[in-house]
Amino acid sequence: MAGRSSLADIARLAGVSLATASRAMSNSYGVAPATRARVLRIAEELDYVVSPEASRLARGAVGRVALVVPHVDRWFFGAVIGGLEAELSDAGLDVLLYHVGDADDRRDFFHRLPARRKVDAVVVVAFEVADAERERLERMGVLVVAAGGQDEVYPGVRIDDREAGRRAVDHLLFLGHRRIGMISAVDPDQPVAARPHGRDQAYHDALRDAGLPIDDELVVTIEWSGVAAADAMAALLSLRSPPTAVYCHSDELALGAIRTIRRAGLRVPEDLSVIGVDDHPLAELTDLTTVAQPARDQGVRAAHLLLARLRGQGSPQHVVLPTRLVIRRSTAPPREV
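The structure displayed is predicted, hence computed values, not measured ones.

1. Considering the overall build of the protein chain
Here's step 1: Scanning the protein chain from terminus to terminus reveals 13 helices and twelve strands.
Here's step 2: Sequence-distant contacts in the protein chain: of pairs separated by 6 or more residues, those separated by 24 or more amount to 72%.
Here's step 3: Carbon and sulfur atoms provide 50% of the accessible area of the protein chain, an area that totals close to 15500 Å².

Shown next as structure tokens:
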């Protein structure tokens, strides 16, 4: 096999899980002799060398990590999970995915959580953990890490949502816009209002710092949905004095808004500028100006943080990754400044 072989290669060729391959390589309990012999034979054929870190990780651990995620069908969550899964699997850990899609799912998961002790760690993906849920996690006595979102109780990796929003609104102000709308989003399925408060606050801070009044009719709050954003944009266009630019909490919302603008016979950005947050894969294809956040890298870096702590190595408590403004063709100066 060309290139450096990994534990994942050995597990695949031996027909076992990564955790089983890891335990076989470290001579841990729970592996049948025939299975261990097969794994070791394949490892020898591939000239695989066990790293000291992987060996320490395997001893005294069950080799499983639980990922708890409120959505699996949205781009951001999928990207974070992809980064987490790749790094954890390469370290020889099995990844268990728990989807808590609505309030009932979440209540049931945390109610049963203490019985699920056979994991080495829990990663909460992009949602805030309520006090009662935190108590259930503490009863497990395992490491908890946050990936994405704004939960600062646990060690984790995230972006600064306030900074991201500020980059977006400041860009519109720099272009000369003074009547700026905001399409804000909440997740009603989660008991703790899953809302990037920093993105809301950024809008108010930017307008205040620019000496502009806050006009409540320019702010529409919706559920996380492109269709809902399209309806929100229709409401903004129906105002006696519509905005000349709109700041959306995500790129999906921005694309929904653009659909309504174009159906109304208006042009983007000649008649109305639109900016989002994320740098969703569709943003580049649709020429959407946005504030890019490193979604997959939040999962990768959270996995690194978790692995370091499982190995007893030093690691930062919180990692805040940078965002950047990506200017495309959905924003321009207003027609009349």
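2. So, the packing of helix H5 (residues 75-90) against helix H13 (residues 295-310)
Here's step 1: Two elements in contact, H5 and H13, have axes separated by 7 Å at closest approach and are oriented at 35 degrees. Helix-helix and strand crossings are classified by hand; for H5 and H13 the assignment is right-handed. Here H5 contributes Trp75, Phe76, Ala79, Val80, Gly82, Gly83, Leu84, Ala86, Glu87 and Leu88 to the contact with H13, which in turn contributes Ala295, Arg296, Gln298, Gly299, Val300, Ala302, Ala303, His304, Leu306 and Leu307.

3. A word on the packing of aromatic side chains
Here's step 1: In the structure shown here, the tally under the stated rule is three aromatic pairs.
Here's step 2: Where Tyr98 meets Phe109, the ring centres are 5.1 Å apart and the plane angle is 50 degrees; that geometry is what we call tilted. On the criterion of sequence distance, the pair formed by Tyr98 in strand E2 (residues 94-99) and Phe109 in helix H6 (residues 103-112) is long-range, its members being eleven residues apart.
Here's step 3: Looking at Phe109, the relative accessible area reads 4%, which means it is buried.
Here's step 4: Measuring from centroid to centroid gives 6.5 Å for Tyr203 and Tyr247, while their planes differ by 15 degrees, and the two rings are stacked. Here Tyr203 is found in helix H9 (residues 197-209), whereas its partner Tyr247 is found in strand E8 (residues 245-248), with 44 residues between them in sequence. Comparing Tyr203 with Tyr247, the two get one shared label, buried.

4. Structural notes on the sheet that holds strand E12 (residues 324-326)
As a general point, the strands of a sheet are linked pairwise by backbone hydrogen bonds and lie either parallel or antiparallel.
Here's step 1: Pairing within the open sheet is mixed, and its six strands lie in the order E7-E6-E8-E9-E10-E12. The open sheet has two edge strands, strand E7 (219-223) and E12, and neither has a second partner. Adjacent strand axes in the sheet meet at a mean angle of 20 degrees, parallel and antiparallel pairs treated alike.
Here's step 2: Across the sheet, H9 touches strand E6 (180-186), E7, E8 and strand E9 (273-278), and the angle it forms with E6 is around 160 degrees.
Here's step 3: Across the sheet, helix H11 (residues 251-263) is in contact with E6, E7, E8, E9 and strand E10 (289-292); its angle to E9 comes to roughly 160 degrees.

5. Observations concerning the pattern of salt bridges
Here's step 1: Evaluation of the coordinates by the stated rule reveals 16 salt bridges.
Here's step 2: Notably, a salt bridge pairs Arg12 with Asp9, separated by 3.9 Å at the nearest N-O pair. Residue Arg12 and its partner Asp9 are located together in helix H1 (residues 7-14), separated by three residues, close to a single helical turn.
Here's step 3: Between Arg74 and Asp187 there is a salt bridge, and its shortest N-O distance comes to 3.9 Å. Here Arg74, found in the loop between strand E1 (64-69) and H5, pairs with Asp187, found in the loop between E6 and H9; they are 113 residues apart in sequence, far enough to count as distant.
Here's step 4: Overall, the relative accessible area of 5% leaves Asp187 in the buried class.
Here's step 5: Through salt bridges with shared partners, a single ionic network connects Arg162, Asp205 and Arg208.

Conventions we followed
- Residues numbered from 1 in each chain as written.
- Predicted model: local features only at pLDDT ≥ 70, side-chain atom pairs only at ≥ 80, totals over all residues.
- Heavy atoms only, no water.
- Helix = DSSP H or I, 4+ residues; strand = E, 2+ residues; numbered from the N terminus.
- Contact = heavy atoms within 4.5 Å.
- Areas by Shrake-Rupley, 256 points an atom, 1.4 Å probe, with all protein chains shown as cover.
- Axes fitted to C-alpha atoms, helices over the stretch in contact; angles between N-to-C directions.
- Left-handed = near helix turned anticlockwise from the far one by under 90°.
- Phe/Tyr/Trp six-rings, centres within 6.5 Å; stacked < 30°, edge-to-face > 60°.
- Buried < 20%, exposed > 50% of the residue type's maximum accessible area, 1.4 Å probe, protein only.
- Pairing = 2+ DSSP bridges.
- Salt bridge = Lys/Arg side-chain N within 4 Å of Asp/Glu carboxyl O.

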